[in-house]
Amino acid sequence: MEELIKFTLNGKPVEVTADGDRMLLWVLRVDLGLTGTKYGCGESYCGACTVLVDEKATHSCMTPLKMVQGKSVVTIEGLANNGEMHPLQRAFMENDALQCGYCTPGMILHAYELLKKHPNPTEGEIVNGMEQNLCRCGAHKRIIEAIQAAAQAMKGV
Amino acid sequence: MSTDSTDLEWENVAGQSPMSSDQSSSGLSRRQFVQILGGGLLISVLPFPALGQQGGGGRGEARGMVVSARVHIAKDGLITVMTGKVEGGQGARAELTQAAAEELGVPASRVQLIMADTGLVPDDGMTAGSRSTPSTVPAIRQGAAAARNLLIAMAGRRWGVEEKAVQMRDGKVTDGTAGHELSYADLAADEGQSKALEQSIPSGVTVTPVKEWKVMGTSVPRPNGRDLVTGVHQYPSDITRPGMLYGKILRAPSYGAKLKAIDLSRAKAMKDVVVVQDGSFVGVAAPALFAAEQALMAIAGTASWEAAEHPSSEKVFDYLREHAQGGVPKNPFADEMAAAGKSLRQTYHVAYVQHAPLEPRVGVAEWQDGKLTVWTGSQNPFGCQQELARALNLSRDRVRVIVPDFGGGFGGKHSPDAHIEAARLAQAAGKPVLVRWTREEEFTWACFRPAAVIDVEASLDAKGALTCWHFVNINSGGSAVDTPYRAGKIKCQFVGSDSPLRQASYRALAATANNFARESFMDELATLAGSDPLAFRMAHLDNARLSAVLDAAAKRFDWAGRRAKKEANTGVGLACGTEKGSYVAACVQIAIREGRIVVQHVCEVFECGAVINPANLLSQIQGCITMGIGPALREEMRFQNGQITNASFWGYGVPRFADLPELDVHALDRPDLPSVGAGETPIIAVAPAIANAVFHATGQRIRQMPVKL
Ligand code: FES
Ligand code: FES
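Residues numbered from 1 in each chain as written. Chains lettered and ligands numbered in written order. Predicted model: local features only at pLDDT ≥ 70, side-chain atom pairs only at ≥ 80, totals over all residues. Heavy atoms only, no water.

### Things to note about the domain arrangement of chain B
All names here are of chain B.
Right, so step 1: You can read the domains of chain B as domain 1 (30-230), domain 2 (238-306 + 361-436) and domain 3 (448-705).
Right, so step 2: Inter-centroid distance (C-alpha atoms) of domain 1 to domain 3 is 38 Å.
Right, so step 3: Facing 20 residues of domain 1, the contacting portion of domain 3 comprises 18 residues.
Right, so step 4: Note on domain 1 versus domain 3: buried area summed over both sides is about 1300 Å², and carbon and sulfur give 52% of it. (Domains from an automatic or database assignment. Contact = heavy atoms within 4.5 Å. Buried area = accessible area lost by both parts, 1.4 Å probe.)

Next comes the structure, spelled out in structure tokens:
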């Protein structure tokens, strides 16, 4: 059923008239043109579609649009601040924490939530926190290093 | 500036006729190039057979003359290099950019690389078999070096000095005299040079020796890294075209099932839905994915199918053996082995696995004036062009394939699939169509690394030296089937079989299966000989490069120390191997926890000649080890009644963060040796080293991948 859904997207208010049962992933990608959020499985098993909903890492492939009514959604496109990359984005680049990069938006957004919970994460906390995100290229080690580097860079911020 | 080739406007150049005589194989004329890249100097590559000393880059030999541009220098000095190679995460974009920058004498950031757009780039063959480093890097270096030489020659003429006196620095040349300075922009603006367009790269143009490398040999980062971490980069999945429809394809309910009948009327009655049937190909397209799914569902229920026999994964190894082409070869050394003091025979099984790249297959197709443009994530853009031309009955020059940097391939993305499906639907719809495979489609209808049945038998003399060695790989392939170990008599064979699943290349091909069997068997032989696994291997190795990596890995890992310090439920194992001219050795430590294998530590040493990009090499080796842990511990396709029964990331366990061992990776740099690829061989030592460590921990021999306790 078509309904009017209002939410904040990357800091700006948006209104979408669409079937509220459609998954947020496709609304972001198709209706709103934000293709940084990726499809990897559509079943909540890979984390490629991770976005932040009220600061919580959320699989947009299994999140009906109506669930974000009145909430704040952040996608990878919204993480940089006035063209200034987020420390996580910089750390992923500097640590070469990606190969094909297809998992990267989901990784970075999940790491964002992780660093909110654990500003100084141990390796074990990173492994547990990132467990839902798959990387087929095997960049895991450098992803852990990047998250640690970002945590350092964000100290006192 | 984005280096993404999809930024270029094909519309500007489509439909121009007649083509001028300097038309490239891609159907693009000199004039069209100028429209896209601006005026300037274009340097073409020689026909492929003359390229490089290493046998050429691609299949140009078979195709005849391929002459098109390699390096373009615009009047503002912007340098564009063109290659048919693709980027799927393996780092070719950085490596090929730095190859060009090195020879041009400019920083890597000055070079824009256009990859894998059949309308713009030369055919460098498919991106597979670790050929980019040994073939395409030299080809690009020659093209770039030719451009540099033109600049030097022009300077020599202008200033009336010998070319020897002209120095190259930061993209400029000078002879030391004040005011004597010329850049690539000057070269492109030079009337004489611009008239001599389509300069051919002279064969044998000299390239910079390794000891003078400034850009190569350094860790040049991924040129589009920023676009990747900010979500700006457009993967094939992210391409949209005006008025684009979403396509869905009818899939058979089981492998080999034949479509007997289907009623399309319900889908045809739906608003804005396009339905196509061509024999067993049935597809629908609609303005929204959901509508296409509904339409497909409406007709799928009306289809009747004739099922076919299909073996189950439980029986597949027997099936492959029974269907070995020409039968399973007999041991030619049976008599000698029977007479030998000690002999051993074992069989190893390797399950089917899948590449499962995180980005599933996708194709976007658009027709305009009888010409077809397709965006897809393929390792074989020119192959796709040919497949599309054949499937749609077009001449090749009416098909353009663009491969934006895509989300992983690992050897599996070069089969005809989503791009042809999209093209067929787009043709019928008269509108652009996107076909994106679901993960389930990917797990079912993409391709698989072949399963293997491997028989190995060998005999030892009284001193524990190998006397006979007989090795037979059934079904999975001949890569690294030959043993690097000395033996009195050796026979290594591969025989094909009748694979029930659609097979394709996978990172390192059959080298993983063959090395798994060989290195596991070598461990068993070491025990039979009463030797240490390291000493036993070393005693049979004549290859200095292989011994060097094995020795280095054992030292870094403290093989002797760790082996002696064995604790309950832990074990160490090692393996080594060589494939495609590179060498690898791995030592691992594992623990058994609650009946499960935990890989705790992997020390791997790898050597692939002169290192071109240390950071990318590290990423490739780490990636191979991590990826290799999957098929070693868990990954296997399960199937029954012609259906995959674990077609999801839930049922098919790829490596996760929790699987990551401590990694100690070391690359041996050999500047004295030619560079070869690094994206494959580092995977082949992982599984056997783990299996051998399980034996050390438990006393149980492991003879199948994935390892089962
Ligand atoms: S696409 Fe959402 S978890 Fe995989
Ligand atoms: S970088 Fe390719 S999937 Fe993670």
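### Some points on the pattern of salt bridges
Residue and element names in this part refer to chain B.
Right, so step 1: Taken as a whole and assessed by the stated rule, the structure comprises 47 salt bridges over all chains.
Right, so step 2: Arginine 158 is paired through a salt bridge with aspartate 190; the nearest N and O atoms lie 2.9 Å apart. On the criterion of sequence distance, the pair formed by arginine 158 in helix H4 (residues 132-159) and aspartate 190 in the loop between helix H5 (184-189) and helix H6 (191-195) is long-range, its members being 32 residues apart.
Right, so step 3: A relative accessible area of 47% places arginine 158 in the partly exposed class.
Right, so step 4: Aspartate 190 gets classed as buried once you look at its relative accessible area, which sits at 15%.
Right, so step 5: A salt bridge links arginine 361 to aspartate 417; the shortest N-O distance between them is 3.0 Å. Linking arginine 361 in the loop between strand S15 (353-354) and strand S16 (362-368) with aspartate 417 in the loop between strand S18 (399-402) and helix H13 (418-429), this pair joins segments that are 56 residues apart in sequence. Taken individually, arginine 361 and aspartate 417 each receive the classification buried, so the pair is uniform in this respect. (Salt bridge = Lys/Arg side-chain N within 4 Å of Asp/Glu carboxyl O. Helix = DSSP H or I, 4+ residues; strand = E, 2+ residues; numbered from the N terminus. Buried < 20%, exposed > 50% of the residue type's maximum accessible area, 1.4 Å probe, protein only.)

### Looking at the packing of aromatic side chains
Right, so step 1: In the structure shown here, the tally under the stated rule is 11 aromatic pairs over all chains.
Right, so step 2: Seen from their ring centres, A:Tyr102 and B:Tyr235 are 5.2 Å apart, and the 85 degrees between their planes marks the pair as edge-to-face. Here A:Tyr102 is found in the loop between helix H2 (87-94) and helix H3 (104-117), whereas its partner B:Tyr235 is found in the loop between helix H7 (225-229) and strand S9 (245-249) on a different chain.
Right, so step 3: Residue classification places B:Tyr235 among the buried positions, given a relative accessible area of 2%.
Right, so step 4: Seen from their ring centres, B:Trp469 and B:Phe471 are 6.3 Å apart, and the 10 degrees between their planes marks the pair as stacked.
Right, so step 5: What links up through ring pairs into an aromatic cluster is the set B:Phe443, B:Phe649 and B:Tyr652.
Right, so step 6: Lying across the ring of B:Phe443, B:Arg439 places its NZ or CZ 6.0 Å from the centre.
Right, so step 7: Here the basic side chain of B:Arg562 rests over the ring of B:Phe557, its NZ or CZ set 4.4 Å away from the ring centre. (Phe/Tyr/Trp six-rings, centres within 6.5 Å; stacked < 30°, edge-to-face > 60°. Lys NZ or Arg CZ within 6 Å of the ring centre and 35° of its normal.)

### Regarding the interface of chain B and chain A
Frequently, the measure chosen for interface size is the accessible area that the parts lose on association.
Right, so step 1: Each partner contributes to the interface: chain B provides 49 residues, whereas chain A provides 44 residues.
Right, so step 2: Summed over both sides, the interface between chain B and chain A buries roughly 4100 Å², with carbon and sulfur atoms accounting for 61% of that surface.
Right, so step 3: In this structure, the connection of chain B to chain A is made through five salt bridges.
Right, so step 4: Taking the shortest distance from any N to any O, the salt bridge between B:Asp238 and A:Lys38 comes out at 2.5 Å.
Right, so step 5: Put simply, chain B and chain A have 19 residue pairs in polar contact (both at pLDDT 80 or more) between them.
Right, so step 6: Across the side of chain B that touches chain A, the residue classes tally to 22 nonpolar, 19 polar and eight charged. (Polar contact = N/O pair within 3.5 Å; in protein donor to acceptor, adjacent residues only side chain to side chain. Nonpolar A, V, L, I, M, F, W, Y, C, P; charged D, E, K, R; others polar.)

### A look at unusual backbone geometry
Right, so step 1: Looking along the chain, the bond that leaves B:Met705 and enters B:Pro706 is cis, with omega of -5 degrees.
Right, so step 2: Here B:Pro706 lies in the segment after strand S30 (704-705).
Right, so step 3: Despite not being glycine, A:Asn10 shows a phi value in the positive range, around 50 degrees.
Right, so step 4: With respect to the helices, strands and loops of the structure, A:Asn10 is situated in the loop between strand S1 (2-9) and strand S2 (12-19).
Right, so step 5: We note that B:Asn475 has phi near 85 degrees; this positive angle belongs to a residue other than glycine.
Right, so step 6: With respect to the helices and strands, B:Asn475 occurs in the loop between strand S22 (466-474) and strand S23 (489-495).
Right, so step 7: Overall, B:Asn475 belongs to the buried group, its relative accessible area being 4%.

### Points about the domain arrangement of chain A
Residue and element names in this part refer to chain A.
Right, so step 1: Looking at chain A, the domain boundaries give domain 1 (2-78) and domain 2 (87-153).
Right, so step 2: Opposite the 17 residues of domain 1 that make contact, domain 2 presents 13 residues.
Right, so step 3: Of the roughly 1300 Å² buried where domain 1 meets domain 2, counting both sides, 59% is carbon and sulfur surface.
Right, so step 4: Between domain 1 and domain 2 we count two salt bridges in total.
Right, so step 5: We note a salt bridge from lysine 116 to glutamate 55, for which the minimum N-O separation is 2.9 Å.
Right, so step 6: Counting across the domain 1 and domain 2 interface gives seven residue pairs in polar contact (both at pLDDT 80 or more).
Right, so step 7: Contributing elements (two or more residues each) for the side of domain 1 that touches domain 2: strand S3 (50-53) and strand S4 (56-59).
Right, so step 8: By residue class, the composition of the side of domain 1 that touches domain 2 is nine nonpolar, five polar and three charged.

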